[in-house]
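Here are the chains, one letter per residue:
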Amino acid sequence: MNQDYFKNENFETRITCPLCQSDLVMKWQRDNIPYFGEIMYITARCQCSFRFADTMILSSKEPVRYELSVESQEDLNARVIRSTSGTIRIPEMGIAVEPGTASDSYITNIEGVLQRVQNVLMTASRWVQEDEEKFARSQELLCMLNEVMESKRKITVIIEDPLGNSAIISKKAVATTLSKEEAEKLNTGMIVFDVDKSELEHDTSDNVQPLGGD
């Protein structure tokens, strides 16, 4: 695709529907979202019921890692900006939430992040009820989360973003720049337009690991 297209606010391209093989119009809409930078929404809909929607990042910053020691109610209120390319880790609990193509960007606080993890754990615990060991582990992690939200347990929340669009806003948060090698090991979770490489890279992984383990 001609790189000049990406300078436009919106445009259309034609593709072949993968289901019925008819001509299909793909719409591209440029936008600028605070904290998340320049993006392009991509959508397509066919009469045969095929639908496609994705998001492409058009700009990126230095790959970054934010780390916050969560010890008090004030820490729970620290603002979190998580882009669709951000990976969240809680090492003390063995939790890693990695971005996939359907991952959401959001602005919340540390407590909001923990509530999202809590919802995943509650769902996972229902899936593994027949596995005594995994069910016990899920219940242990849920208890740990409750203790954290009651400021009875300390944890570390880490956000890593190879595109630099995520952050933890707190005086206590420690921000460091990731090396190229570290950044390349992280998932981006979406289509990324790399002008230097002149190609589209699409990361289709969607990896949420709520139960920890080695």
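In this report, the structure presented in the accompanying data block is examined.

**Describing the overall build of the protein**
A tally of regular secondary structure across the protein gives 4 helices and 15 strands. For the protein, the residues scored as buried account for 42% of the 214 residues in total. For the protein, the proportion of contacts with a sequence separation of at least 24, taken over those separated by at least 6, is 64%. Accessible surface for the protein amounts to roughly 12,300 Å². Of this, 45% is attributable to carbon and sulfur atoms.

**So, the nonpolar core**
Residues Val70, Met93, Ile110, Leu114 and Ile155 are the most contacted members of the largest nonpolar core, which totals 30 residues. When residues in this core are grouped by element, the largest group, 6 residues, is from helix 3 (residues 132-149). Once residues lying within four places of it in the same chain are set aside, the contact partners of Leu114 are Leu76, Ile90, Leu145, Val148, Met149 and Ile155. With 11 residues, the next largest nonpolar core counts Leu24, Cys46, Phe50 and Leu58 among its residues.

**Considering the sheet that holds strand 11 (residues 167-169)**
Strand order in the open sheet formed by 3 strands is 9-6-11, and the pairing between neighbours is antiparallel. Each edge of the open sheet is held by one strand with a lone partner, namely strand 9 (106-109) and strand 11. Strand-to-strand twist in this sheet, taken as the mean axis angle between neighbours without regard to direction, amounts to 20 degrees. Note: strand 6 (residues 79-82) against strand 11, 3 bridges, orientation antiparallel. Across the sheet, Arg79 pairs through a bridge with Ile169, a residue of strand 11. The sheet strands contacting helix 2 (residues 110-127) are strand 6 and strand 9, and the helix crosses strand 9 at an angle near 105 degrees.

**Comments concerning the pattern of salt bridges**
Side chains that differ in charge, positive against negative, can pair when their charged atoms come close. Across all of its chains, the model carries 9 salt bridges by this definition. Of the charged contacts in the structure, one is a salt bridge between Arg65 and Glu160, with a shortest N-O distance of 3.3 Å. Of this pair, Arg65 sits in strand 5 (residues 64-70) while Glu160 sits in strand 10 (residues 155-161), placing them 95 residues apart in sequence. On the accessibility criterion, Glu160 (11% relative accessible area) is buried. Shared partners join several salt bridges into a network, and the residues in it are Arg65, Glu67, Arg89 and Glu160.

**With respect to the packing of aromatic side chains**
Across all of its chains, the model carries 1 aromatic pair by this definition. Between Phe11 and Trp28, the aromatic rings sit 5.3 Å apart at their centres with planes inclined by 15 degrees, giving stacked as the arrangement. Of this pair, Phe11 sits in strand 1 (residues 10-16) while Trp28 sits in strand 2 (residues 23-33); the two residues are 17 residues apart in sequence, bridging distant segments of the chain. Residues Phe11 and Trp28 agree in their burial class; the two are buried. If you follow Arg116 out to its NZ or CZ, it ends over the ring of Tyr106, 3.6 Å from the centre.

**Quick word on the environment of Val117**
Of note, Val117 is situated in helix 2. Judged by relative accessible area, which is 5%, Val117 ranks as buried. For the pair Val117 and Ile90, spaced 27 residues apart in the sequence, the C-alpha separation amounts to 10.0 Å.

**A look at helix 2**
In a regular helix each residue adds 1.5 Å, so 18 residues correspond to 26 Å; helix 2 covers 26 Å between its end C-alpha atoms and thus fits that length. Three or more residues of helix 2 are buried, namely Ile110, Gly112, Val113, Leu114, Val117, Gln118, Leu121, Ala124 and Ser125.

**Some remarks on the side chain of Ser138**
Along the chain, Ser138 turns up in helix 3. In this structure Ser138 comes out as buried when scored by relative accessible area, which is 0%.

**Thoughts on helix 3**
Under the 1.5 Å per step criterion, the end-to-end length of helix 3 is 26 Å for 18 residues, consistent within 8% with the ideal 26 Å. Buried residues of helix 3: Ser138, Leu141, Leu142, Met144, Leu145, Val148 and Met149, and no others. The arc that holds every buried residue of helix 3, seen down its axis, measures 160 degrees, which confines them to one face. For helix 3, the exposed residues lying more than 90 degrees away from the buried face are Glu132 and Glu133.

Conventions used here
Residues numbered from 1 in each chain as written. Predicted model: local features only at pLDDT ≥ 70, side-chain atom pairs only at ≥ 80, totals over all residues. Heavy atoms only, no water. Helix = DSSP H or I, 4+ residues; strand = E, 2+ residues; numbered from the N terminus. Buried < 20%, exposed > 50% of the residue type's maximum accessible area, 1.4 Å probe, protein only. Contact = heavy atoms within 4.5 Å. Areas by Shrake-Rupley, 256 points an atom, 1.4 Å probe, with all protein chains shown as cover. Core = buried A, V, L, I, M, F, W, Y, C linked by side-chain atoms within 4.5 Å. Pairing = 2+ DSSP bridges. Axes fitted to C-alpha atoms, helices over the stretch in contact; angles between N-to-C directions. Salt bridge = Lys/Arg side-chain N within 4 Å of Asp/Glu carboxyl O. Phe/Tyr/Trp six-rings, centres within 6.5 Å; stacked < 30°, edge-to-face > 60°. Lys NZ or Arg CZ within 6 Å of the ring centre and 35° of its normal. Expected span 1.5 Å × (residues − 1). Arc of directions from axis to C-beta.

Honestly, that's just the spatial picture; any functional story needs more than this.
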